[in-house]
Amino acid sequence: MEETPEGTPVGVDNPYDIAGLCDHLTDDGRCRFALNHAGVDPEFAAERAADDYACHVGDSGDWRACPHYRWTTTDDECRRCGLEELRLAHDDSRPLIEEHHLSYADADTGDGDSESVDASHELTVALCRWCHAKVHQSFARIDDDVDPDPEAVAEREQRRTTESEELEFQSARDRFEG
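Residues numbered from 1 in each chain as written. Predicted model: local features only at pLDDT ≥ 70, side-chain atom pairs only at ≥ 80, totals over all residues. Heavy atoms only, no water.

Visitor: Explain the overall build of the protein here, please?
Guide: The secondary structure content of the protein amounts to 6 helices and 3 strands. If you list the helices and strands of the protein from N to C, you get α-α-α-β-β-β-α-α-α. Taking as baseline every contact in the protein between residues at least 6 positions apart, the subset at least 24 positions apart corresponds to 63%. Taken as a whole, the protein presents about 10,800 Å² of accessible surface, with 44% of it coming from carbon and sulfur. (Helix = DSSP H or I, 4+ residues; strand = E, 2+ residues; numbered from the N terminus. Contact = heavy atoms within 4.5 Å. Areas by Shrake-Rupley, 256 points an atom, 1.4 Å probe, with all protein chains shown as cover.)

The structure is reproduced here in structure tokens:
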């Protein structure tokens, strides 16, 4: 199983099996990285410019071939248990959903294995904080079919109750005279 730079597991054997389309890929199949960040890698940008900025990975989907591939989560639910995020306005409590790294950009894997994650690729997935802890504690995998932790459900339901109370109508008279 792949590991973090600190040696804890990330919960998958091959992060590319989980990852999706590159964050830099535009709807028309062009490379946004080459368009917007040409100064970071001028040679790469020049190659893409010569091909009208077309993504060189194309239909093959082999993202390891791209030095600037990046896939980061925007999900609001846990990939492992399905727990949905619920944030309250004006509440700074810890989020239910966290970003879990499947790989770390610029991390030295040091194993020389060509099948390992490219050190320049940042890949993340959404996990609830309970599943996130279980994955890093070595006894859970991202692809486990599990229900949300009872403590997670209780926390989410407490937030729903608070949200419901905030949305209830209360007259000014009741608020200020009660």
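Now that the structure is up, let's keep going.
Visitor: Just checking my understanding: could you explain empty space enclosed by the protein for this structure?
Guide: The gaps left among the atoms become clear once a water-sized probe is rolled over them. For the structure shown, the criterion picks out 1 cavity of 30 Å³ or more. Reported here for the largest cavity is a volume of approximately 70 Å³. Lining the largest cavity, in full, are Cys 22, His 24, Leu 25, Arg 30, Cys 31, Phe 44, Cys 55, His 56, Trp 63 and Cys 66. Across the lining of the largest cavity, the residue classes break down as 7 nonpolar, 2 polar and 1 charged. (1 Å grid on protein atoms, 1.4 Å probe; cavity = no way out; pocket = protein on both sides within 12 Å on 5 of 7 lines; lining within 4 Å. Points joined across faces, edges and corners; volume = space filled by probe spheres on them. Nonpolar A, V, L, I, M, F, W, Y, C, P; charged D, E, K, R; others polar.)

Visitor: Is there a simple way to think about the nonpolar core in this case?
Guide: Side chains of a nonpolar character, in soluble globular proteins, are inclined to be buried together. With 34 residues, the main nonpolar core has Tyr 69, Trp 71, Cys 78, Leu 83, Leu 102, Cys 128 and Ile 142 as its most contacted residues. Among the secondary structure elements, those contributing two or more residues to this core are helix 1 (15–18), helix 2 (32–36), helix 3 (42–50), strand 2 (97–103), strand 3 (122–128) and helix 4 (129–136). Ranked by residue count, the leading element in this core is strand 3, at 5 residues. Residues in contact with Leu 83, not counting those within four places in the same chain, are Asp 76, Glu 77, Cys 78, Leu 96, Ile 97, Cys 128, Trp 130, Pro 148, Ala 152, Val 153 and Arg 156. (Core = buried A, V, L, I, M, F, W, Y, C linked by side-chain atoms within 4.5 Å. Buried < 20%, exposed > 50% of the residue type's maximum accessible area, 1.4 Å probe, protein only.)

Visitor: Can you help me understand the packing of aromatic side chains in this one?
Guide: The geometry of two aromatic rings is summed up by the distance between their centres and the angle between their planes. Tallied over the full model, the rule gives 3 aromatic pairs. Among the aromatic residues, ring-to-ring pairing joins Tyr 16, Trp 63 and Tyr 69 into one connected group. (Phe/Tyr/Trp six-rings, centres within 6.5 Å; stacked < 30°, edge-to-face > 60°.)

Visitor: Whenever I open this one, helix 5 (residues 150–167) confuses me. Can you help?
Guide: In an α-helix, one turn spans 3.6 residues; hence positions three or four apart end up facing the same way. Here helix 5 spans 26 Å end to end across 18 residues, near enough to the 26 Å set by a 1.5 Å rise per residue. Those residues of helix 5 lying buried are Ala 152, Arg 156 and Arg 159. Along helix 5, the residues classed as buried sweep out an arc of 60° about the axis, all on the same side. Counted as exposed and oriented over 90 degrees from the buried face of helix 5: Pro 150, Glu 151 and Glu 165. Regarding helix 5, its N-cap is Asp 149, as a side-chain oxygen of that residue lies 2.9 Å from the backbone nitrogen of Glu 151 further along. (Expected span 1.5 Å × (residues − 1). Arc of directions from axis to C-beta. Polar contact = N/O pair within 3.5 Å; in protein donor to acceptor, adjacent residues only side chain to side chain.)

Visitor: Any chance you could explain the sheet that holds strand 2 here in plain terms?
Guide: In sheet architecture, strand pairing relies on hydrogen bonds along the backbone and comes in two forms, parallel and antiparallel. Pairing is mixed across the open sheet formed by 3 strands, whose spatial order is 1-3-2. Of all strands in the sheet, those with a lone pairing partner are strand 1 (70–71) and strand 2, marking the two edges. As paired strands, strand 1 and strand 3 are joined by 2 bridges and run parallel to one another. Paired with Arg 70 across the bridge in strand 3 is Glu 122. Packing of helix 4 onto the sheet brings it into contact with strand 2 and strand 3, and relative to strand 3 it is tilted by some 120°. (Pairing = 2+ DSSP bridges. Axes fitted to C-alpha atoms, helices over the stretch in contact; angles between N-to-C directions.)

Visitor: Can you walk me through the pattern of salt bridges in this structure?
Guide: Two side chains that carry opposite charge are able to pair once their charged atoms sit near each other. The final tally for this structure, using the stated rule, is 13 salt bridges. Between Arg 156 and Glu 157 there is a salt bridge; the shortest N-O distance is 3.4 Å. Arg 156 sits in the buried class, given a relative accessible area of 13%. Residues participating in the shared-partner salt-bridge network are Asp 13, Arg 141 and Asp 143. (Salt bridge = Lys/Arg side-chain N within 4 Å of Asp/Glu carboxyl O.)

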